[in-house]
Amino acid sequence: MKKFVGRLKNGNSVLIFSEEDGNLAVIEDGFCFPVISLEKEFQLDYTLDTNEWFYVNLDGEEKAQMIAHYLMALDSSADTNNVVNGQYSELIALYLINRDLDGKLGIIFNRIFDKYYIVSKTFLKFSLNEACVSKEEDVVEFNNRVDAYWDDVTSKLYFKNYSFIKPLFKGIEKFYRCATTEEVNAFVDSEFFQIEDSFKRDKLGERALKHIAEIIDQQAIDLNDVAIRVLYNEYANGYSESGFLISNNGKFILTKTTDLTNVINLLQEKYYTSQITREKRVAYSTSKI
Amino acid sequence: MSLKQKILIYFLSIASFSGFIALFLIKNKFQILFYLPIINCNVDIFWSYITYLFVSVLLAFLSIYFISLFPADNTLIIEGNDIVPVEGNFLPTYIGMYVISISLGAIDKDTLIISLFLFIMWLKLGSVSYFNPFISLLGYRYYSVRSIGNKTITLITKEKDLKQATSIDNLIRINNYTFFKKNKK
């Protein structure tokens, strides 16, 4: 059984095409379930290869929170209304649910951004070898791109771009946890740093907040321990090209947000020297071997 | 909603309204059958009445047939066995319409205007207008079912007892709140 469904900004789903509808076959021509050959557990800053997918494993509770409401359009389709005029502008995603005869279930998602909705547009085209004008109103562009794929067999949610799919899966932030304001304050107010007036802690980006959360969660570094700070001072001195500012008492001076980015790289030991060419480098993504 | 679905909905409403027309014609002793050449005799007005009722039953039968042409690709998970037969809820509206049709006068311009108004109102009444006692005569029942998504759905089915049902499949969507259960062959 298959359903092609739209997800609205208000969280409701609307049925667009059912299996018997000939339009579904046209959709399926381009919007296909991916064959995942390369997969990588979701990791910040990791750059995917062309055929590679990030994945997150969802347990029963997470599945209920993130996926169950999408399945409703198939399991209890009477709960879902047919799409009506005026709802295309409210779409946030289109998704295709498929359950095989053997019960194997999968969902592919296509994120719809506001720019895909066309209020009115005029096209020039050929019809019967004659130039003519075609006007399209209240339409939404569907580009066949699979932004996320839920594999019910493995309980894995695959995706390529976290920011694309974030609004579609409530609770996925836990796989990309950002530090809270309180945590950021505790972090930068520690003995490790010396904050200058020019440093705006509220200007920190999502990436920096994520890294701060990672460092806090790992609990491997005691930022108030002077001995540890001395070790990081020595480490920083080896990579002074990055422009670390260190006070007389060994505290890392933060004047702007990029100073914090550099120190975060330092705390995560991303500065290294290549073994053969002795080139000093910074790694944007690391994996445990 | 597709054009086919809109046509179906109008047909169901017309079929549902046909009972009032039949009653109105009977009340006014309107005769359509006078003489049957095959048996070479005059026909009693009684047979006209039978014809009106037969047309209503035929329309009910055709309603079921046309609904069955639509794909039965919907499913419903029922919330906590919340299933209630609802013929009783529709009957007051329906009986009210019968009373109006009986109290209408002879066939004239005024009656036609009132009937037309009632018919348009009936078309706009939504799920109530799909209730057709002649469909009930064909063995179908009307249930109000609460879905897992906490929506109240009207279900037309030939199954006599749904008390134990937790989910229902093979459903044909008439509109977003009315579904018809297609029997498996």
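Analysis parameters
- Residues numbered from 1 in each chain as written.
- Chains lettered and ligands numbered in written order.
- Predicted model: local features only at pLDDT ≥ 70, side-chain atom pairs only at ≥ 80, totals over all residues.
- Helix = DSSP H or I, 4+ residues; strand = E, 2+ residues; numbered from the N terminus.
- Buried ≥ 20, exposed ≤ 12 C-beta atoms within 10 Å, placed from the backbone.
- Contact = placed C-beta atoms within 7 Å.
- Rg over C-alpha atoms; globule rule 2.2 N^0.38 Å.
- Nonpolar A, V, L, I, M, F, W, Y, C, P; charged D, E, K, R; others polar.
- Pairing = 2+ DSSP bridges.
- Axes fitted to C-alpha atoms, helices over the stretch in contact; angles between N-to-C directions.
- pLDDT = per-residue confidence, 0-100.
- Core = buried A, V, L, I, M, F, W, Y, C linked by C-beta atoms within 7 Å.
- Arc of directions from axis to C-beta.
- Domains from an automatic or database assignment.
- Expected span 1.5 Å × (residues − 1).
- Parallel < 35°, antiparallel > 145°, perpendicular 65-115°, else oblique.

(A) Structural view of the overall build of chain B. For chain B, the helix and strand inventory stands at six helices and seven strands. Helices and strands appear in chain B in the N-to-C order α-β-β-α-β-α-α-α-α-β-β-β-β. Taken over 185 residues, chain B has a buried fraction of 26%. Across chain B, every contact between residues at least 6 apart in sequence was considered, and the portion connecting residues at least 24 apart equals 71%.

(B) Expanded view of the overall build of chain A. Within chain A, the secondary structure is distributed over eight helices and 15 strands. Computed over C-alpha atoms, the radius of gyration of chain A comes to 25 Å, more than 25% over the 19 Å expected from 2.2 N^0.38 for 289 residues, which places it beyond the range of a compact globule. Counting only C-alpha atoms, chain A reaches 80 × 50 × 40 Å along its principal axes. Put simply, chain A has 289 residues, and 23% of those count as buried. Across chain A, contacts joining residues at least 24 apart in sequence account for 59% of those joining residues at least 6 apart.

(C) Quick look at the interface of chain B and chain A. On the side of chain A, twelve residues touch chain B, which itself brings 15 residues to the contact. For the side of chain B that touches chain A, the residue count by class is eight nonpolar, five polar and two charged.

(D) Fine view of the sheet that holds strand S5 (residues 152-157) of chain B. Residue and element names in this part refer to chain B. Taken together, the five strands give a closed barrel; going around it, the order is S3-S4-S5-S7-S6, and neighbouring strands pair in mixed fashion. When the angles between neighbouring strand axes are averaged without regard to direction, this sheet yields 55°. Where strand S6 (residues 167-175) meets strand S7 (residues 178-181), four bridges bridge the pair, whose relative direction is antiparallel. Considered in S7, the bridge of Asn-175 is made with Thr-178.

(E) Region of the structure containing the confidence of the model for chain B. Residue and element names in this part refer to chain B. Within chain B, residue pLDDT values average 83, and 91% of them lie at 70 or more. Averaged over each element, pLDDT in chain B is lowest for helix H5 (residues 127-130) (62) and highest for S7 (91). Interface confidence in the predicted complex, given as ipTM, is 0.74; pTM for the same model is 0.75.

(F) Region of the structure containing the sheet that holds strand S3 (residues 38-41) of chain A. Residues and elements named next belong to chain A. The nine strands are arranged S3-S4-S11-S10-S7-S6-S1-S2-S5 in an open sheet whose pairing can be described as mixed. Edge positions in the open sheet fall to S3 and strand S5 (81-82), since each of these has one partner strand only. For strand S6 (residues 91-99) and strand S7 (residues 105-111), the ladder comprises seven bridges, and the chain directions are antiparallel. Pairing of Ala-93 across the sheet is with Arg-111, part of S7. In the packing of helix H1 (residues 22-30) onto the sheet, contacts are made with strand S1 (2-8), strand S2 (13-18) and S6, and the angle to S2 comes to roughly 95°. Packed on one face of the sheet, helix H3 (residues 68-75) meets S1, S2, S6 and S7 and runs near 60° to S6.

(G) View of the nonpolar core. Residue and element names in this part refer to chain A. Formed by 35 residues in total, the largest nonpolar core has its most connected members in Tyr-95, Ile-97, Ile-107, Ile-108 and Ala-148. Listing elements by their share of this core, those giving two or more residues are S1, S2, strand S4 (52-57), H3, S6, S7, strand S10 (148-151) and strand S11 (156-159). A total of six residues in this core trace back to one element, the largest contributor, which is S6. Excluding its chain neighbours within four sequence positions, the residues that come into contact with Ile-97 are Lys-2, Lys-3, Val-5, Tyr-70, Leu-71, Ala-73, Leu-74 and Ile-107.

(H) The arrangement of helix H5 (residues 181-188) of chain A in detail. All names here are of chain A. Three or more residues of H5 are buried, namely Val-184, Phe-187 and Val-188. The buried residues of H5 all sit within an arc of 85° when viewed along its axis, so they share a single face. What points out from H5, more than 90 degrees from its buried face, is the exposed set Glu-182 and Asn-185. Among the structural elements, strand S12 (193-195), helix H6 (206-218) and strand S13 (252-254) are those in contact with the buried residues of H5.

(I) Region of interest: the domain arrangement of chain A. Split by domain assignment, chain A resolves into domain 1 (2-169) and domain 2 (181-282). Taken over C-alpha atoms, the centre of domain 1 of chain A sits 40 Å from the centre of domain 2 of chain A.

(J) Broad picture of H6 of chain A. Helix length check: H6 of chain A, at 13 residues, gives a terminal C-alpha distance of 18 Å against a target of 18 Å (1.5 Å per residue), a fit within 8%. Once H6 of chain A finishes, Gln-219 of chain A follows within two positions and takes phi at roughly 55°, a positive value.

(K) Representation of unusual backbone geometry in the model. Residues and elements named next belong to chain A. The phi dihedral of Arg-278 is positive, around 60°, even though this residue is not glycine. If you trace the backbone, Arg-278 turns up in the loop between strand S14 (271-273) and strand S15 (280-282). The exposure class of Arg-278 is exposed, given the 7 C-beta atoms found within 10 Å.

(L) How the structure looks around the packing of helix H1 (residues 3-27) of chain B against helix H2 (residues 45-68) of chain B. Residue and element names in this part refer to chain B. In the contact formed by H1 and H2, the axes pass within 9 Å of each other and the chain directions differ by 170°. In terms of orientation, H1 and H2 fall into the roughly antiparallel class. Counting all contacts with H1, which are made through Leu-8, Phe-11, Leu-12, Ala-15, Ser-18, Gly-19, Ala-22, Leu-25 and Ile-26, the residues of H2 involved are Tyr-49, Tyr-52, Leu-53, Val-55, Ser-56, Leu-59, Ala-60, Ser-63, Phe-66 and Ile-67. Along the lines of polarity and charge, the residues of the contact of H1 with H2 split into 15 nonpolar, four polar and no charged.

(M) Inspection of the pairing of S4 of chain A at higher detail. Pairing geometry for S3 of chain A and S4 of chain A, over four bridges, is parallel. Looking at the pairing, Lys-40 of chain A lines up with Phe-54 of chain A of S4 of chain A.

(N) Region of interest: the environment of Trp-53 of chain A. Residue and element names in this part refer to chain A. As for its placement among the helices and strands, Trp-53 is situated in strand S4. Looking at Trp-53, the number of C-beta atoms within 10 Å reads 21, which means it is buried. Taking the C-alpha atoms as reference points, Trp-53 and Glu-39, 14 residues apart in sequence, are found 4.8 Å from one another. In this view, Trp-53 contacts Ile-36, Leu-38, Glu-39, Tyr-158, Phe-159 and Lys-160; residues no more than four positions away in its chain are not counted.

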